Amino acid sequence: YGGPVPAPVETLFRVARLRQLMRSRGITEAATVAGKLRIRPVELEDSKEVRLKRLIPTAEWKPATAALLIPERAVPEGDVVGWVTDLLQQLTSPA
């Protein structure tokens, strides 16, 4: 109370904010599957698909399944929550 928030608590707040962002964008899943980060459902306009390829050349967007697939090696080891939050803010719009 009144002091700095402990790091684990701050991490929980950041994860909660990411989940709230995902919910506001209609995204129901973010999971690691077969060596890839899978986020879905994600609908990308043509311009957002071009931005994705510029940001992460190895990423794939599968329109048939509305899945965004990012190889684990493309995900930074540091602030993953912040990185995913920033990526979703750049590529998605509120539902």
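Our subject is the structure listed above.
Reference entry: report on the structure contained in this document. (Residues numbered from 1 in each chain as written. Predicted model: local features only at pLDDT ≥ 70, side-chain atom pairs only at ≥ 80, totals over all residues. Heavy atoms only, no water.)

Points about the pattern of salt bridges
Here the structure, examined in full by the defined rule, presents six salt bridges. The salt bridge involving Glu 29 is made with Arg 40; its shortest N-O contact spans 2.5 Å. Here Arg 40 lies in strand E2 (residues 36-40) and Glu 29 lies in strand E1 (residues 29-33), a separation of 11 residues in the sequence. Classification of Arg 40 by relative accessible area gives partly exposed; the value is 30%. Where Lys 62 meets Glu 60, a salt bridge forms, and the shortest distance between an N and an O atom there is 3.0 Å. (Salt bridge = Lys/Arg side-chain N within 4 Å of Asp/Glu carboxyl O. Helix = DSSP H or I, 4+ residues; strand = E, 2+ residues; numbered from the N terminus. Buried < 20%, exposed > 50% of the residue type's maximum accessible area, 1.4 Å probe, protein only.)

Overview of the sheet that holds E2
Spatial ordering of the open sheet is given by E1-E2-E4-E3, a layout of four strands whose pairing is antiparallel. Taken across any chain shown, the strands that pair with only one partner, and hence form the sheet edges, are E1 and strand E3 (60-62). Going from strand to strand, the sheet's axes swing by 20° on average, the running direction of each strand aside. Across five bridges, the pairing between E1 and E2 is antiparallel. Bridge pairing in E2 places Thr 32 opposite Leu 37. (Pairing = 2+ DSSP bridges. Axes fitted to C-alpha atoms, helices over the stretch in contact; angles between N-to-C directions.)

A short note on helix H3 (residues 80-91)
Across its 12 residues, H3 extends 16 Å between first and last C-alpha, which sits within 8% of the 16 Å expected from 1.5 Å per residue. Where H3 is concerned, the buried positions are Gly 82, Val 84, Thr 85, Leu 87, Leu 88 and Leu 91. (Expected span 1.5 Å × (residues − 1).)

Some words on a nonpolar patch on the surface
Together, Val 5, Val 9 and Phe 13 make up a nonpolar patch on the protein surface, roughly 230 Å² of accessible area in all. For Val 9, the location among the structural elements is in helix H1 (residues 7-24). (Patch = residues over 30% accessible without salt bridge, like charges linked within 9 Å, V, L, I, M, F, W, Y side chains within 5 Å. Areas by Shrake-Rupley, 256 points an atom, 1.4 Å probe, with all protein chains shown as cover.)

Some points on unusual backbone geometry
Here the residue pair Arg 40 and Pro 41 is connected by a cis peptide bond, since its omega of -10° sits within 30 degrees of zero. Topologically, Pro 41 is positioned in the loop between E2 and helix H2 (46-55). Phi angles above zero are rare outside glycine, and Ala 66 is one such case at about 55°. Here Ala 66 lies in the loop between E3 and strand E4 (67-71).

A word on the pairing of E4
Along E4, five of the five residues are buried, which leaves the element largely enclosed by surrounding structure. Where burial is concerned, the two faces of E4 agree: the one with Ala 67, Leu 69 and Pro 71 and the one with Leu 68 and Ile 70 are both buried. The pairing of E2 with E4 spans four bridges and is classified as antiparallel. In the sheet register, Leu 37 faces E4, and the bridge partner there is Ile 70. The turn linking E3 back onto E4 is made up of four residues, and Ala 66 within it adopts a positive phi angle of 55°.

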